[in-house]
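Understanding the architecture of this molecule
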Amino acid sequence: MEQDIIINYTEKDNEAAKNETGWVTDFAKFLDVMLTQVLGRKPSIVLKSEGSALTAAELKNTGILISILSPHFINSGQCLDAIEEFHKSIATSKINRMFKVLKTSVP
């Protein structure tokens, strides 16, 4: 796999206060530290917002897709398209390779 993990999110969910990093950026850093300790190597984690095009080839070469769910995410056609495309690419896999993180309650 080219990248171990792609984190799929909306720019709105990663907005930062002055002189701070965004929520998604902080989550990615935390995940990187935890996985490095568990795996014994630094994982390849790529952040992709709805403004970053995710290609079918890129999704095929990804081990895990993590989606940061929020009302903004649910209203983003591009984020939902990425989930559908990744699901198609792993349809024959018997291992769950899609995970969600609830940033904000979604009805």
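In the block above lies the structure referred to throughout.
Summary of the structure given here. (Residues numbered from 1 in each chain as written. Predicted model: local features only at pLDDT ≥ 70, side-chain atom pairs only at ≥ 80, totals over all residues. Heavy atoms only, no water.)

Attention now goes to the overall build of the chain. Helices and strands together make up the secondary structure of the chain, namely four helices and four strands. Along its sequence from the N terminus, the chain presents helices and strands in the succession β-α-β-α-β-α-α-β. The C-alpha atoms of the chain give a radius of gyration of 14 Å, which matches the 13 Å a tight globule of 107 residues would have. For the chain, the spread of C-alpha atoms along the principal axes amounts to about 40 × 35 × 25 Å. Classification of the 107 residues of the chain by burial places 34% in the buried group. Element-wise, carbon and sulfur atoms account for 55% of the exposed surface of the chain, whose accessible area totals about 6,600 Å². (Helix = DSSP H or I, 4+ residues; strand = E, 2+ residues; numbered from the N terminus. Rg over C-alpha atoms; globule rule 2.2 N^0.38 Å. Buried < 20%, exposed > 50% of the residue type's maximum accessible area, 1.4 Å probe, protein only. Areas by Shrake-Rupley, 256 points an atom, 1.4 Å probe, with all protein chains shown as cover.)

Moving on, we come to the sheet that holds strand 1 (residues 3-9). The sheet built from four strands is open, its strands ordered 2-1-3-4 with parallel pairing. The sheet terminates laterally at strand 2 (45-49) and strand 4 (98-102), the two strands that pair on one side only. When strand polarity is set aside, the average angle formed by the axes of neighbouring strands in this sheet is 25 degrees. Examined bridge by bridge, strand 1 and strand 3 (residues 62-69) share five bridges and lie parallel to one another. Bridge pairing links Gln 3 to Thr 62 in strand 3. Contacts from helix 1 (residues 23-39) reach strand 1, strand 2, strand 3 and strand 4, with the element oriented near 160 degrees to strand 1. The strands that helix 4 (residues 77-89) touches are strand 1, strand 3 and strand 4; relative to strand 3, the one it contacts most, it runs at about 150 degrees. (Pairing = 2+ DSSP bridges. Axes fitted to C-alpha atoms, helices over the stretch in contact; angles between N-to-C directions. Contact = heavy atoms within 4.5 Å.)

Turning next to the packing of aromatic side chains. Counted by the stated rule, this structure contains one aromatic pair. Between the aromatic rings of Trp 23 and Phe 27, the centroid separation amounts to 5.9 Å while the plane-to-plane angle is 5 degrees, which identifies the pairing as stacked. Of this pair, Trp 23 and Phe 27 both sit in helix 1, four residues apart, roughly one helical turn. (Phe/Tyr/Trp six-rings, centres within 6.5 Å; stacked < 30°, edge-to-face > 60°.)

The grouping of Phe 30, Val 33 and Met 34 at the surface amounts to a nonpolar patch, some 270 Å² of accessible area in total. Note that Met 34 resides in helix 1. (Patch = residues over 30% accessible without salt bridge, like charges linked within 9 Å, V, L, I, M, F, W, Y side chains within 5 Å. Salt bridge = Lys/Arg side-chain N within 4 Å of Asp/Glu carboxyl O.)

Its 17 residues give helix 1 an end-to-end C-alpha distance of 24 Å, which sits within 8% of 24 Å, the value for a rise of 1.5 Å per residue. Val 24, Phe 27, Ala 28, Leu 31 and Asp 32 are the residues of helix 1 that are buried. Looking straight down helix 1, one finds that the buried residues subtend no more than 140 degrees of arc, so they occupy a single side. Exposed side chains of helix 1 directed beyond 90 degrees from the buried face belong to Phe 30 and Gln 37. Against strand 1, strand 2, strand 3 and strand 4 lie the buried residues of helix 1. A positive phi of about 80 degrees marks Gly 40, the residue just after helix 1. (Expected span 1.5 Å × (residues − 1). Arc of directions from axis to C-beta.)

With that settled, the discussion passes to unusual backbone geometry. A positive phi angle, close to 65 degrees, is found at Asn 19, a residue other than glycine. Position of Asn 19 relative to the elements: it lies in the loop between strand 1 and helix 1. Overall, the relative accessible area of 79% leaves Asn 19 in the exposed class.

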